[in-house]
Amino acid sequence: MYAAFIACTIRDELTVAIKRDVDHDSPSARSSVRLIRCWSQLNLEGPQLLKHGFNDAIAKVGLTKFITDLFWVGMFYHLYNQLATNTLERVAPLTHAVGNVLKRVFVIGFSILVFGNKISLQTGIGTSIAIAGVAMYSFIKAKIEEEKRQLKSA
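Residues numbered from 1 in each chain as written. Predicted model: local features only at pLDDT ≥ 70, side-chain atom pairs only at ≥ 80, totals over all residues. Heavy atoms only, no water.

- Named according to an unreviewed UniProt entry, the chain is Sugar phosphate transporter domain-containing protein originating from Castilleja foliolosa.
- In the Subcellular location (unreviewed entry) part of its UniProt record, the chain is described as follows: "Membrane". (UniProt positions renumbered as here; feature names shortened; annotations may be inferred.)

Structure follows, in structure tokens:
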């Protein structure tokens, strides 16, 4: 447990160090950081995941369905990231931040309606606070980015 925490902290520090030296907006920089994070996470959790997680999942649904589902999850995640990147290139950062917050609200509402997730008063308040915090952070960060962009173009 503590080893995983320490390794994740080291991984995050290396990621920050790499981000300082690379253009943050380039797709290759984002891919490199994601690859480092994925590799380090696999080194930490991979043996246990292979030993228990994959074997249990394959025993439950079968190898073919497991591999097919794994492929589609990866494909949809990749497409989601592509869509987010393309959207960010075409709209202002503030517009993107608003869309991202609305997406979170939609996902939570969708899970309540479709999957029948029960939401208690405490969960509702916590979710509202979390969404409000993400919204404020996104709006402030987007505003700062927009101001930086305007200063560069002026």
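**Structural notes on the overall build of the chain**
Logical step 1: A tally of regular secondary structure across the chain gives five helices and zero strands.
Logical step 2: Traced from its N-terminal end to its C-terminal end, the chain shows the element sequence α-α-α-α-α.
Logical step 3: Taken over 154 residues, the chain has a buried fraction of 12%.
Logical step 4: Total accessible area computed for the chain in this model is approximately 12300 Å², and 68% of it derives from carbon and sulfur atoms. (Helix = DSSP H or I, 4+ residues; strand = E, 2+ residues; numbered from the N terminus. Buried < 20%, exposed > 50% of the residue type's maximum accessible area, 1.4 Å probe, protein only. Areas by Shrake-Rupley, 256 points an atom, 1.4 Å probe, with all protein chains shown as cover.)

**Here's the deal with the confidence of the model for the chain**
Logical step 1: Taken residue by residue, the chain gives an average pLDDT of 76. The fraction at 70 or more is 75%.
Logical step 2: Across the chain, the element-wise mean pLDDT spans from 56 in helix α1 (residues 2-21) up to 87 in helix α3 (residues 63-90). (pLDDT = per-residue confidence, 0-100.)

**Let's talk about the packing of aromatic side chains**
Logical step 1: Counting across every chain of the model gives five aromatic pairs.
Logical step 2: Here the aromatic rings of F110 and F115 are separated by 6.3 Å at their centres, their planes lie at 90°, and the arrangement is edge-to-face.
Logical step 3: A network of ring pairs unites the aromatic residues F71, W72 and F76 as a single cluster. (Phe/Tyr/Trp six-rings, centres within 6.5 Å; stacked < 30°, edge-to-face > 60°.)

**Regarding the pattern of salt bridges**
Logical step 1: Enumeration according to the criterion identifies two salt bridges in this entry.
Logical step 2: Here K65 ties to D69 by a salt bridge, and the two come within 2.9 Å at their closest N and O atoms. Of this pair, K65 and D69 are both found in helix α3, four residues apart, which corresponds to roughly one turn of the helix.
Logical step 3: A residue is classified by how much of its surface remains accessible, and D69, at 32% relative accessible area, is partly exposed. (Salt bridge = Lys/Arg side-chain N within 4 Å of Asp/Glu carboxyl O.)

**Re the packing of helix α4 (residues 93-115) against helix α5 (residues 121-153)**
Logical step 1: Contact geometry for α4 and α5: axes closest at 7 Å, N-to-C directions at 165°. Taken as axis vectors, α4 and α5 run roughly antiparallel relative to one another. Pair α4 / α5 crosses with right-handed handedness. Of α5, the residues touching α4 (which contributes P93, L94, A97, V98, V101, R104, V105 and I108) are T127, I131, V134, A135, S138, F139, A142, E145, E146 and R149.
Logical step 2: When its residues are assigned to classes, the contact of α4 with α5 shows 12 nonpolar, two polar and four charged. (Axes fitted to C-alpha atoms, helices over the stretch in contact; angles between N-to-C directions. Parallel < 35°, antiparallel > 145°, perpendicular 65-115°, else oblique. Left-handed = near helix turned anticlockwise from the far one by under 90°. Contact = heavy atoms within 4.5 Å. Nonpolar A, V, L, I, M, F, W, Y, C, P; charged D, E, K, R; others polar.)

**Remarks on α5**
Logical step 1: Taking 1.5 Å as the rise per residue, α5 with 33 residues should run 48 Å; its terminal C-alpha atoms sit 47 Å apart, in good agreement.
Logical step 2: If you check which residues of α5 are buried, you get I131, A135, S138 and A142. (Expected span 1.5 Å × (residues − 1).)

**A closer look at the environment of Y80**
Logical step 1: Within the fold, Y80 resides in helix α3.
Logical step 2: Relative accessible area serves as the criterion here: at 36%, Y80 is assigned to the partly exposed category.
Logical step 3: If near-sequence neighbours (up to four positions away) are discounted, Y80 is found in contact with N100 and K103.

**Describing the packing of α3 against α4**
Logical step 1: Viewed as axis vectors pointing N to C, α3 and α4 meet at an angle of 145°, and their least axial separation amounts to 9 Å. For the pair α3 and α4, contact is made by Y80, A84, T87 and L88 and by P93, H96, N100 and K103, respectively.
Logical step 2: Among the residues making up the contact of α3 with α4, the classes are represented as four nonpolar, three polar and one charged.

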